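In case you want the letters, here they are:
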Amino acid sequence: MVPDRCYLCRSEGEIVEEPREVSAGNGRKVTITDRFYRCPNCGETWYSGGMADESFRRGAAALRVEDGLLGPTEIRAIRASYGLSQAGLEKLIGSGEKTVVRWERGTVAQNATADTLLRVLRDHPQVVARLAEERGVRVKMPNVALEAESAPDGSDSPAEESMRPAA
């Protein structure tokens, strides 16, 4: 089967770029400028090669912009700041296998809850240290001074103290 031929009527397809509504995950639809083949004979549409991945990337990017979510580069930077592999970050946050891979490739946008967690990890290394300890994940802590928060009575909070990485 030649990928530029329609699988229904075998006519040669034409590459089309036009606005199209696509699924961007969780049942959400977004409109993107999509690139695909269309059969001039029967109207069937299809993707060839990496066209589908590009469509997924454009859809996820549109969803991230709509919802104000972190982008793939920002997620990669958070992971790298702790010296984590993609699998390591997945274990740290308790996500499914290949979730971080898809976020970083841009083919899937994280939901708002995962985005909030990523922002917490980025902004609060003590949370990363605590999760790493609980889940048996080795992390490289950035050179950030972690200040102890005081309890209302002025003493150091034991919970905060246990979240600091060892020096």
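In this report, we go over the structure that sits alongside the text. Since we're looking at a predicted model, the values are computed, not measured.

1. Section: the sheet that holds strand S1 (residues 14-23)
Taken in spatial order, the three strands make up an open sheet running S1-S2-S3, and their pairing is antiparallel. Only two strands of the sheet have a single partner each, and these edge strands are S1 and strand S3 (45-46). Contacting S1 and strand S2 (29-38), helix H1 (residues 51-67) runs over the sheet at an angle of about 165° to S2.

2. Quick notes on the pattern of salt bridges
Applying the stated rule across the entire model yields 12 salt bridges. A salt bridge links Arg38 to Glu18; the shortest N-O distance between them is 2.6 Å. Taken together, the residues span a long stretch of sequence, with Arg38 in strand S2 and Glu18 in strand S1 at a distance of 20 residues. Under the relative-accessibility criterion, Arg38 is labelled partly exposed at 27%. Between Asp123 and Arg122 there is a salt bridge, with the nearest N and O atoms lying 2.8 Å from each other. Several salt bridges converge on common partners, so that one network encompasses Arg20, Asp34 and Arg58.

3. Side note on the nonpolar core
Ranked by size, the top nonpolar core spans 17 residues in total, and within it Ile78, Leu84, Leu89, Leu92, Trp103, Leu118 and Leu121 carry the most contacts. For this core, the secondary-structure elements that each account for two or more residues are helix H2 (72-81), helix H3 (86-93), helix H4 (99-105), helix H5 (112-123) and helix H6 (125-135). Within the second largest apolar cluster, eight residues are counted, among which are Val22, Ala24, Ile32 and Ala109.

4. A few points about the packing of H3 against H6
Contact geometry for H3 and H6: axes closest at 9 Å, N-to-C directions at 90°. One finds that H3 runs roughly perpendicular with respect to H6. On H6, the residues that touch Lys91, Leu92 and Ile93 of H3 are Val128, Leu131, Ala132 and Arg135. Its residues placed into classes, the contact of H3 with H6 shows five nonpolar, no polar and two charged.

What counts, and at which threshold
- Residues numbered from 1 in each chain as written.
- Predicted model: local features only at pLDDT ≥ 70, side-chain atom pairs only at ≥ 80, totals over all residues.
- Heavy atoms only, no water.
- Pairing = 2+ DSSP bridges.
- Helix = DSSP H or I, 4+ residues; strand = E, 2+ residues; numbered from the N terminus.
- Contact = heavy atoms within 4.5 Å.
- Axes fitted to C-alpha atoms, helices over the stretch in contact; angles between N-to-C directions.
- Salt bridge = Lys/Arg side-chain N within 4 Å of Asp/Glu carboxyl O.
- Buried < 20%, exposed > 50% of the residue type's maximum accessible area, 1.4 Å probe, protein only.
- Core = buried A, V, L, I, M, F, W, Y, C linked by side-chain atoms within 4.5 Å.
- Parallel < 35°, antiparallel > 145°, perpendicular 65-115°, else oblique.
- Nonpolar A, V, L, I, M, F, W, Y, C, P; charged D, E, K, R; others polar.

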